[in-house]
Amino acid sequence: MMLRYALQTLRYRKAGFLGAFVALLCAAALVTACGTLLETGLRGKIGTERYASAPVLVSADQNVHETTVKKKGEGEKARTKTKHKAKPVAERAWLPAATVDAVRAVPGVERAVPELTFQAVPLVKAAGEPKPSYGHAWTSAELTPFTIAEGRAPRSGGEVVLDRALAARAGLRPGSELTVQSTGEPRTYQVTGIATTPRGDLAQQSALFFSDDEARRLAARDGQVSAIGVLPAPGVDAGELADRVAQALKGTTAQVGTGDERGPVEFLDAADARIKLVSMGGAMGGTSLLVAILVVVGTFALSVQQRHRELALLRAIAATPGQLRRMIGREALLVGLAAGLTGALAGLPLAAWLHGRFVDAGVVPVTLERTAGIFPMCAAVAASLLGAWAAARITGRRIARIRPAEALAEAAAERRRPGWIRTVAGVLLLAGGAVLIVVLGSLRTEPASTPVTFLAVVVLAGAVSLLGPLLVRGAAALLAGPLRLAGPGGHLATANLRGNATRMASAVTPLALLVGMTCTVLFITPTLGNAARAQARDGIRADWVLAAQGPGITREAAERIRRTPGVSAATEIVHTSVRVGLAKYAAQGVTPAGLTRTWDPEVTGGSLDGFGEGAVAVSELAADRLGLKPGSPLSLTLGDGTPVTLTVSAVYARGLGFGDLTLPHGLVAAHADNPLASSVLVAAEPGPGPAAGRERLADAVRGFPGVRVLSAAEADEALAQRQDAGAEINLLAMGLVLAFTAIAVVNTLAMSTAERFREFAMLRLAGAKRRQVLRMLRAEALAVVLIGVVLGSGIALAVLTAFSVGMTGVAAPAVLPVAYAVVVGAAGLLALPATSLPGRLALRVAPVEVATAKG
């Protein structure tokens, strides 16, 4: 019977359930999109291109491993539990060249082809989108396979073969000359051939092939190979051969892969992207679920409140509380099922769009294929059903439990005081938000701070939702004076704010959440970036900075700068990341000579004097986390997986501006895929003016393409532009949640206004004019916007201040006035039409028809 009533209610009150349906649909789409990203990070395939004809591939282990053993219990009941963890390294790990001979000796191997992969950037204008380009030895061309379509293979150190796609985009043919920037100085080569593959052009990269001797020189990895392609003898199964090779190489760092296992060896950035996608998908999905619960509960609360008269009548004709709860629950399940299925299907193209934006932004490599399984869709439907049922039970709990006479009385007027359970829950959430803010103020790393930041926003918004009626009544008392200046409409708006605080609170909550979340997303990166830029600005003593627009600045360019008259020191900087244990730290390599004349990280312990081979400088944050001090040994794993032990020579305070670890330039460059400096700090001696000094430096590097001479201020501006790009990624990552919240704002306000037909009719019959009612609606909307903006801004300010304290040590959140004004303006543009348009539609109906209508 209750199911039949639920179906009839849905049939005749479609408009009343439309808001809940929209909210659940958006929530299901969000869960599907975020779940698809999460699944892509966990199970997404990385296809191979270069090694397509090598069914078995041998490579070095591209991970750092850590094994922990825990013992539980004592005596005979003692048990040991072994836990193994692995994290990818930042650069390519290489194999000893002797591994090739070991592989060739395995029975069933027809050929073992050594592979060299290294940076090789053609310095030529090419049509279309640029792709990463890599150099190889021509003898490894058969791994794809590449064959000569025009010209011939390279025979000497001055010759190169290009893949067909690169040659076409650059307009090159056999006999053309091409300058290539690899791991050393740029060199001009003669194009002797154009190579093609039977599978078509490489989609994700460009390939340049050199003679074997030249490839070894450019790779700068004597006695090492990047991989070994294994071609089985006729009749030998690839899987069986892989097992044999793995057994032969047991006890070494080599790994053997077949099928989809070859892709991660070719595209190293895809492994790190998996971790990013899992992190982003989990963070976005978790935030989406919390926001969805908050929004859906508010929407159902408004829907049930609009049906107080109907539910009161059911109680009056002997419907039991259990029957009402079951009816409301079945209504919610029906709406949740319909919205969940629709939203799950809508989430698939949404996930594809979001994945494409991440690829375009460079966060996710195009080689990591998007996985669209059924699990995110099932999770979305389950979340919609659970959220709808829980929201309906929570919101319908009180109306189902009260006595029939009380229900009829409450249908006529809103309860003056919120329930004590709601108030207590709101206070508890407020206390929980305060605890999260305190915790946030103690977190020092961005990966730890980011999820707590957005969780704090949602928890505080939940407190606003539960305490909303009390907050609205308090705000109404403060706004009573200004609203009265608006005339009769202002008086009516004040009365509505006081008498219908619960209804107004349901509109204030999504607005506060929207403003709080948007301000947090917009200002979290500038808050961290401003502190980092300030530290870098204060710590760079150099007068000039050489910046690389291309692959990097070569050693010869830096040496030429050092020999330039008027230059007292030049510090080359190359960036990488290292691992201490499994923890990842940003690191840089610097040339020691004249370091203190160009660079001041504010040393607080030890000294940079004599900084060089075997030394490392660490930030105060890293020193605290790792328990280090000057003179302490530090064991770490370099970017390519090479373990080293260094001695801490100095501890510095400006870790945000200069990274957590600083190592000797030579050590980092020898273990990096790109050993070229990303920048060179140049200190000038007193003498000629800035213009003359800049001209001298420009003349010194004129023969080196892609090198610019910047002043310290211009370098700071370039850093700000890179940080703006990071802010765009954060906004993109949370954009769906913000869009969902914006839809919830419009949805809630429209529902709140559309159900007031009878109220508007009574006002018209009592003598109020149509324009006075519209003025009342506008005054209410402005009051709701003002309350929502103030609460949301307060939430964002508290969270951003705590984030700033934890990450930078000072309470200095960066608030961009123009961006904040746009947020406030957008909130107003959302709220005003969502209120006025339903109000105008409601006022089109004659007051007498509404007042005499049944129900």
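Everything here concerns the structure above.
This is a predicted model, so every value here is computed, not measured. For every chain, the first residue of the written sequence is number 1, and numbering continues from 1 onward in sequence order. Residues qualify for local features only when their pLDDT is at least 70, as the model is predicted, and side-chain atom pairs are given and counted only at 80 or more; totals for whole chains, interfaces and linings, by contrast, use all residues. Water and hydrogen atoms play no part in the side-chain values, which are based on all heavy atoms of the structure.

Peer 1: I would appreciate a short explanation of a positive patch on the surface in the present structure.
Peer 2: Residues K769, R770, R771, R775, R778, R840 and R844 make up a contiguous surface patch of positive charge. Ranked by residues supplied to the positive patch, first place goes to helix 26 (residues 770-808) with four residues. Counting from the N terminus, the helices are DSSP H or I runs at least four residues long and the strands are E runs at least two residues long. Checked against the element boundaries, R844 lands in the loop between helix 27 (817-843) and helix 28 (847-851). Think of a patch as exposed residues, more than 30% relative accessible area, with no salt bridge, where like charges cluster within 9 Å and nonpolar side chains (Val, Leu, Ile, Met, Phe, Trp, Tyr) cluster within 5 Å. With residues, only the protein chains shown are counted as cover, and all accessible areas are computed by Shrake-Rupley using a 1.4 Å probe. Salt bridge, as applied in this entry: a Lys or Arg side-chain nitrogen positioned within 4 Å of an Asp or Glu carboxyl oxygen. For the charge count, each Lys or Arg is scored as positive and each Asp or Glu as negative, with His and the chain ends excluded. All charge positions are set by atom: Lys at NZ, Arg at CZ, Asp at CG, Glu at CD.

Peer 1: Can you help me understand the packing of aromatic side chains in this one?
Peer 2: To describe a pair of aromatic rings, you give the distance between the ring centres and the angle between the ring planes. Ring pairs shown here join Phe, Tyr and Trp side chains whose ring centres sit within 6.5 Å, with only the six-membered ring taken for Trp; geometry is labelled stacked below 30 degrees between planes, edge-to-face above 60, and tilted in between. Inspection of every chain in the model, using the stated rule, returns six aromatic pairs. Where F146 meets F209, the ring centres are 5.1 Å apart and the plane angle is 65 degrees; that geometry is what we call edge-to-face. Of this pair, F146 sits in the loop between strand 8 (133-137) and strand 9 (147-151) while F209 is found in strand 13 (residues 206-210), placing the two residues 63 residues apart along the sequence. Here F146 matches F209 in class, with each residue buried. A ring pair is formed by W599 and Y652, whose centres lie 6.1 Å apart and whose planes are at 70 degrees; its orientation type is edge-to-face. Highlighted residues: W599 in the loop between helix 19 (595-598) and strand 20 (603-606) and Y652 in strand 23 (residues 643-652), separated in sequence by 53 residues. Accessibility classification places W599 together with Y652 in one group, the buried group. Ring pairs connect the aromatic residues F118, Y189 and F210, which therefore count as one cluster. Exposed residues in this analysis have more than 50% of their type's maximum accessible area, buried residues have under 20%, and partly exposed residues fall in between, with area computed by a 1.4 Å probe over protein chains only.

Peer 1: Even after reading the chapter, I still don't get the pattern of salt bridges, so can you show me in this structure?
Peer 2: One side chain can pair with another of opposite charge once the charged atoms of both are near each other. Following the criterion strictly, the structure yields 25 salt bridges and no others. A salt bridge links K45 to D260, with the shortest nitrogen-to-oxygen separation between them at 4.0 Å. Taken as a pair, K45 in the loop between helix 2 (14-43) and strand 1 (56-60) and D260 in the loop between strand 16 (254-258) and helix 7 (263-266) lie far apart in primary sequence, 215 residues in all. In this structure D260 comes out as partly exposed when scored by relative accessible area, which is 43%. The salt bridge partner of R654 is E602, with a shortest N-O separation of 3.3 Å. Here R654, found in the loop between strand 23 and helix 21 (655-658), pairs with E602, found in the loop between helix 19 and strand 20; they are 52 residues apart in sequence, far enough to count as distant. Taking relative accessible area as the criterion, E602 reaches 38% and is therefore assigned partly exposed. Because the salt bridges share partners, they merge into one network encompassing R541, D600, E602 and R654.

Peer 1: What exactly am I supposed to notice about the nonpolar core here?
Peer 2: Proteins that are soluble and globular tend to have nonpolar side chains buried together. For our purposes a nonpolar core is just a set of buried Ala, Val, Leu, Ile, Met, Phe, Trp, Tyr and Cys residues, chained together by side-chain atoms within 4.5 Å. Ranked by size, the top nonpolar core spans 112 residues in total, and within it V291, F300, F358, M517 and F740 carry the most contacts. Ranked by the residues each element gives to this core, the list is headed by helix 26, at 17 residues. Apart from the residues within four sequence positions on either side, V291 is in contact with V458, L513, M517, V737, F740 and T741. The next biggest cluster of nonpolar side chains, apart from the first, holds 39 residues, and it includes W94, V109, I194 and I228. The contact rule is simple, with two residues in contact once any of their heavy atoms fall within 4.5 Å.

Peer 1: Would you mind showing me how to read the side chain of Q588 here?
Peer 2: Considering the arrangement of structural elements, one finds Q588 in strand 19 (residues 583-590). At 2.7 Å, the side chain of Q588 and the backbone oxygen of F658 are in polar contact. Setting aside anything within four residues of it in sequence, one finds Q588 in contact with I573, V574, H575, W599, F658, L661, T662, L663 and V668. Polar contact criterion, stated in full: a pair of N or O atoms within 3.5 Å, where within protein one must be able to donate a hydrogen and the other to accept it, and residues adjacent in sequence count only if both atoms are side-chain atoms.

Peer 1: Just to check I follow, could you spell out unusual backbone geometry for this structure?
Peer 2: Trans peptide bonds make up the majority, and among non-glycine residues the majority have a negative phi. Residue P145 follows T144 across a cis peptide bond; omega there is 0 degrees. Tracing the backbone shows P145 in the loop between strand 8 and strand 9. One non-glycine residue, A220, adopts positive backbone phi at about 55 degrees. Residue placement: A220 occurs in the loop between helix 5 (212-219) and strand 14 (224-225). A220 sits in the exposed class, given a relative accessible area of 53%. Within the chain, E602 stands out as a residue other than glycine whose phi angle is a positive 65 degrees.

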